[in-house]
Amino acid sequence: MTIKLDQFLKWVGAVSTGGEAKLLIQDGEVLVNDQVETRRGRKLVPGDVVRVRGQSYEVAEDEEG
């Protein structure tokens, strides 16, 4: 199972809206596994680490959608 990057950002509370997630991702402000990710639909898997606004979030198995 996977979860899309924009959905994950909303789920963890890093952003409050999908539009906010879209802008952050498009502007290159989101890192996945220490690499800039500009695809909102990037599918995350358990173990991926997402960094945004100075915070890090690890994708855990119970966070899959």
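Because the structure is a prediction, the values reported are computed rather than measured.

Thresholds, definitions, all that
- Residues numbered from 1 in each chain as written.
- Predicted model: local features only at pLDDT ≥ 70, side-chain atom pairs only at ≥ 80, totals over all residues.
- Heavy atoms only, no water.
- Pairing = 2+ DSSP bridges.
- Helix = DSSP H or I, 4+ residues; strand = E, 2+ residues; numbered from the N terminus.
- Buried < 20%, exposed > 50% of the residue type's maximum accessible area, 1.4 Å probe, protein only.
- Core = buried A, V, L, I, M, F, W, Y, C linked by side-chain atoms within 4.5 Å.
- Contact = heavy atoms within 4.5 Å.

> Just checking my understanding: could you explain the sheet that holds strand S6 (residues 55–58) for this structure?
Sheets are built from strands paired through backbone hydrogen bonds, the pairs being either parallel or antiparallel. Strand order in the open sheet formed by four strands is S3-S2-S5-S6, and the pairing between neighbours is antiparallel. Whereas interior strands pair on both sides, the edge strands pair on one side only; in this sheet they are strand S3 (35–36) and S6. Bridge count between strand S2 (residues 30–32) and strand S5 (residues 49–52): three bridges; the pairing is antiparallel. Bridge pairing in S5 places Val-32 opposite Val-50.

> It is not clear to me how the pairing of S6 should be interpreted in this structure. Could you clarify?
Two faces belong to every sheet, and in a regular strand the side chains alternate between them. With four bridges connecting them, S5 and S6 associate as antiparallel partners. Across the sheet, the residue bridging to Val-50 is Tyr-57, located in S6. As consecutive antiparallel partners, S5 and S6 are separated by two residues, and within that stretch Arg-53 has a phi angle of approximately 50°, a positive value.

> Where do I start with unusual backbone geometry in this structure?
Of all residues except glycine, most have a negative phi; of all peptide bonds, most are trans. With a phi angle near 55°, Asn-33 is a residue other than glycine that sits in the positive phi range. Residue placement: Asn-33 occurs in the loop between S2 and S3. A residue is classified by how much of its surface remains accessible, and Asn-33, at 36% relative accessible area, is partly exposed. Residue Arg-53 is not a glycine yet carries a positive backbone phi of 50°. Considering the arrangement of structural elements, one finds Arg-53 in the loop between S5 and S6.

> Hey, could you run me through the nonpolar core in this one?
When a protein is soluble and globular, its nonpolar side chains tend to lie buried together. Ranked by internal contacts, the top residues of the largest apolar core, which has 16 residues, are Leu-5, Phe-8, Leu-9, Val-30, Leu-44, Val-50 and Val-52. Mapped by element, the contributors of at least two residues to this core are helix H1 (5–11), helix H2 (18–26), S2 and S5. Setting aside its immediate chain neighbours within four residues, Leu-9 contacts Ala-14, Val-15, Ala-21, Ile-25, Val-30, Val-50 and Val-52.

> What am I meant to see in the environment of Gln-35 here?
Following the sequence through the fold, Gln-35 ends up in strand S3. In sequence terms Gln-35 and Gly-13 are 22 residues apart; their C-alpha atoms lie 21 Å from each other.

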